[in-house]
Amino acid sequence: MFKNYLVVAFRNFRRKKIFSLINIAGLAIGISAALVIYLIVHYEFSFERFQKDGNRIYRIVTNMHFPDQDFKNSGVPGPLPAAVRSDIPGIEESAVFWVSNPLKIAIAANNSQGNIFKKQDQIIYTDDHYFKLFPYQWVVGSPNSVLNGPNKVVLTESRAKTYFHFADPAQAIGQTITYDDTIKATVTGIIKDLDKVTDFTFKEFVSLSTFSESLKKNYEWDSWGSLSSQSQFFIKLQKGIDEKKINAALADLRKRHSKNDYLATDHFLQALNDIHFSADFDAFDHRQGHKPTLYGLLAVAAFLLLLGCINFINLTTAQASQRAKEIGIRKTMGSSKRQLVFQFLSETILMTSLAAIVSILLTRWLLRVFSAYIPEGLHFDLLNQPGLFVFIVVLILVVSLLSGFYPALILSGYKPVLVLKNLAYASTAQNRKVWIRKTLTVTQFVIAQFFIIATMVVGKQIRYSLNEDMGFKKDAIINFNVPYNRQHPDKKQFVLQEKLKSIPGIQKLSLAGPPPATDGIEISTMKVVNKAGKEIETSVEVKQADTNYFDLYKMKFLAGRNLRQSDTLNEYVINETYARFLGYKDPADIIGHFIDRSDKKVPIVGVLADIHTKSLHSSIQPLAFSNENESHPTFHIALMPKGENTDTWKKTIAAIGTAWKEVYSDEEFNYEFFDESIAKFYKTEQDTANLLNWSTGLAIFISCLGLLGLVIYTTTQRTKEIGVRKVLGASVSQIVSLLSGDFISLVLLAFVIAAPLAWWAMNKWLQDFAYRTNFSWWIFALSGAFMFIVALLTLSIQTIRSAIANPVKSLRTE
């Protein structure tokens, strides 16, 4: 019986090649999108899922309360871990570690393959507790003693091979590694590299006691008032312990140690599985996932699958009458309705399986095309990913059920007596529920129209964000940082500054703090006594500038003067928002007032027009520029205009690189164009726009495929009618209008439904921007006109062909 179903199915595919290809193409596009999106979403939600008892592991994080905002940090003060271990019950295991900055590594000279690695990363300082909380497979050594003293280090197999080039990584045991030319450590253990999906990609584990004194000296790691995101603390709760109880204990612990706190501070637990997705706390400087984006991807996959299913339903039900006699004969021969439903579902499963095969072949190509959006480490291997195979099978069954169940009920519902008298179509024409087919067609174009409007709004906001006046010059400026050791400053930046002054391609040069707009910010609490004698305290973003900084970035002074050059803090220039916050409508009135710092009063000498220091997602906040630059060595260089010589910038940057090598011979020269760094603020939105572009194109393509299939069927059914109308004098335009009218009305109805939905959704999306573009009327007009033209062109492929056909041939058609 099943063999008969397959034979009939392939016979139908051959007989109706166009409709079969349309159905397979629509389903293949939807399944391909679902496969790629499944791979991405599954990968992102797989982070740390392999960790044993991961649901009981938490990171302790910090929230500092400034006067008018909170500042979150993933680190903890140095004394906190010891206090938690001694004072808070219910903790089964805990681990503290310090994420190191890139270090210079020197391999012992007695190794024939000795080498120097200038900036080696993925290094942490920790102790044996780390390996008890996060188990590894040990090649040599054990987690109980490898880091129980200073000057010890554990390496992964890959890091050991990189350093020592032994065929057997175990031979690295006992070898010596020198860190930053001063600290030596002996290799005491080798572990296997993690091959799981994780943010814990560390490869070198130095005993914490090796660097403890250095951390205390340089970072005040023994102080409750000092905080760095490099200082990480993880705990594993005992079974049955509620995290709320631990959070309350942390709050009580902080109160007991916060007598001299400059800011109100509290600590709380962050679940291990949330680290990869938390926007408030970093994941060891790794790329983080974004749950709303993942849910958006799932919605796109669902919509594209739905469009493919709608195509199948529409085309199958539209051709139902052509299989009426087959159904009547089968019923006369004894087939039950259940058997017929199973037959038609089998045909649908076969077609969906063919679409799935096409999708599997397309997926590898799609992963290469979208490599910029695909996370590193994501792989497509059907043989070694059983979960992926199960997903494909389930997807085929679900899509087959959604696509085939309703058509199967329609086809199996014909009455054999009426069918064999050729009355099946006539008797059921009024009850065929054509409105369902029309509803599904409208649904297709609602989705496509929604994508078009969303794409236009996102693109308009991105253009607005990139072109909006941020209050400073962005073009033809490069920035780069110089190496700086605050414990042992070498003043080399000033040597480089003198060399750069002699390069003719440099228009203006500044040695100061970070650029006007950056990802990272420095915040300080400031107090000012205003003209009414009231002391106003608020959190203020702080930047550092020299005398050339404001002119280089073309920032506008509203009152006062520029900063004077100084190695120490003795002047501030503030922004207009801070002046208004302090109660001064006229910026000139605040000149000469003082900002009260903990150790001295610093005068305000100038007021700047407001600038955007972050993306347009955020509103402008109080800002102060200080003239203390020595500890923030960033070069800002305005390049000469290119003019007719397009190599001007290239030559200038090469000259800057040469000067750099003369001063910092061991360091690489890395620079960035300022306007490109600003564009990175909106990378998420740009990725969203690209995703919408593809989704819109696919939605339109699938919808138009379905529309083309329906119009081909309609014109075929009305061939004789078209011939009669032409004989009676109907023009080509009248026939095209007759055939297209119903479909065009459905497209217009879809626009009427989609427009308010898109307006609501995109208005909600725009609320994430403090400064946003307006929702222009022309977006709706242009998107509606575009969809109308595309639909009309799709219909014209067949309607014009039918309208210009010879009526003699049409009237001969049976």
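Residues numbered from 1 in each chain as written. Predicted model: local features only at pLDDT ≥ 70, side-chain atom pairs only at ≥ 80, totals over all residues. Heavy atoms only, no water.

1. Quick look at the overall build of the protein chain
Now for step 1: Along the protein chain, the regular secondary structure elements total 24 helices and 24 strands.
Now for step 2: Projected onto its principal axes, the C-alpha positions of the protein chain cover 100 × 65 × 55 Å.
Now for step 3: Of all 814 residues assigned to the protein chain, the portion counted as buried reaches 50%.
Now for step 4: For the protein chain, contacts bridging at least 24 residues in sequence account for 78% of all contacts bridging at least 6. (Helix = DSSP H or I, 4+ residues; strand = E, 2+ residues; numbered from the N terminus. Buried < 20%, exposed > 50% of the residue type's maximum accessible area, 1.4 Å probe, protein only. Contact = heavy atoms within 4.5 Å.)

2. Brief notes about the sheet that holds strand S24 (residues 672-673)
Now for step 1: Across the sheet, four strands lie side by side as S15-S23-S14-S24; this open sheet has antiparallel pairing. This sheet does not close on itself; its edge strands, each paired only once, are strand S15 (506-512) and S24.
Now for step 2: Where helix H18 (residues 648-663) meets the sheet, it contacts strand S14 (477-481), S15, strand S23 (634-639) and S24, and its direction lies at approximately 15° from that of S14. (Pairing = 2+ DSSP bridges. Axes fitted to C-alpha atoms, helices over the stretch in contact; angles between N-to-C directions.)

3. Topic: a nonpolar patch on the surface
Now for step 1: Residues Ile349, Phe389, Val390, Val393, Val394, Leu397, Val398 and Leu402 make up a contiguous nonpolar surface patch of about 680 Å² in total accessible area.
Now for step 2: The dominant element in the nonpolar patch, judged by the number of residues it contributes, is helix H11 (residues 386-412), at seven residues.
Now for step 3: You can see Leu402 is positioned in helix H11. (Patch = residues over 30% accessible without salt bridge, like charges linked within 9 Å, V, L, I, M, F, W, Y side chains within 5 Å. Areas by Shrake-Rupley, 256 points an atom, 1.4 Å probe, with all protein chains shown as cover. Salt bridge = Lys/Arg side-chain N within 4 Å of Asp/Glu carboxyl O.)

4. Some thoughts on a positive patch on the surface
Now for step 1: Judged by side-chain charge, Arg11, Arg14, Arg15 and Lys17 come together as a positively charged surface patch.
Now for step 2: A per-element tally of the positive patch places helix H1 (residues 2-15) first, with three residues.
Now for step 3: Within the secondary structure, Arg11 is located in helix H1. (Lys, Arg positive; Asp, Glu negative; His and termini not counted. Charge placed at Lys NZ, Arg CZ, Asp CG, Glu CD.)

5. Section: the pattern of salt bridges
Now for step 1: This model, assessed by the stated rule, comprises 23 salt bridges.
Now for step 2: Residues Glu157 and Lys192 are paired through a salt bridge, measuring 3.8 Å at the closest nitrogen-oxygen approach. In this pair, Glu157 is assigned in helix H5 (residues 157-164) and Lys192 in the loop between strand S10 (183-191) and strand S11 (204-207), connecting sequence segments 35 residues apart.
Now for step 3: By relative accessible area, which is 19% here, Glu157 ends up buried.
Now for step 4: With a relative accessible area of 34%, Lys192 lands in the partly exposed category.
Now for step 5: Salt bridges sharing partners connect three or more residues here, namely Asp53, Arg56, Glu92 and Lys236.

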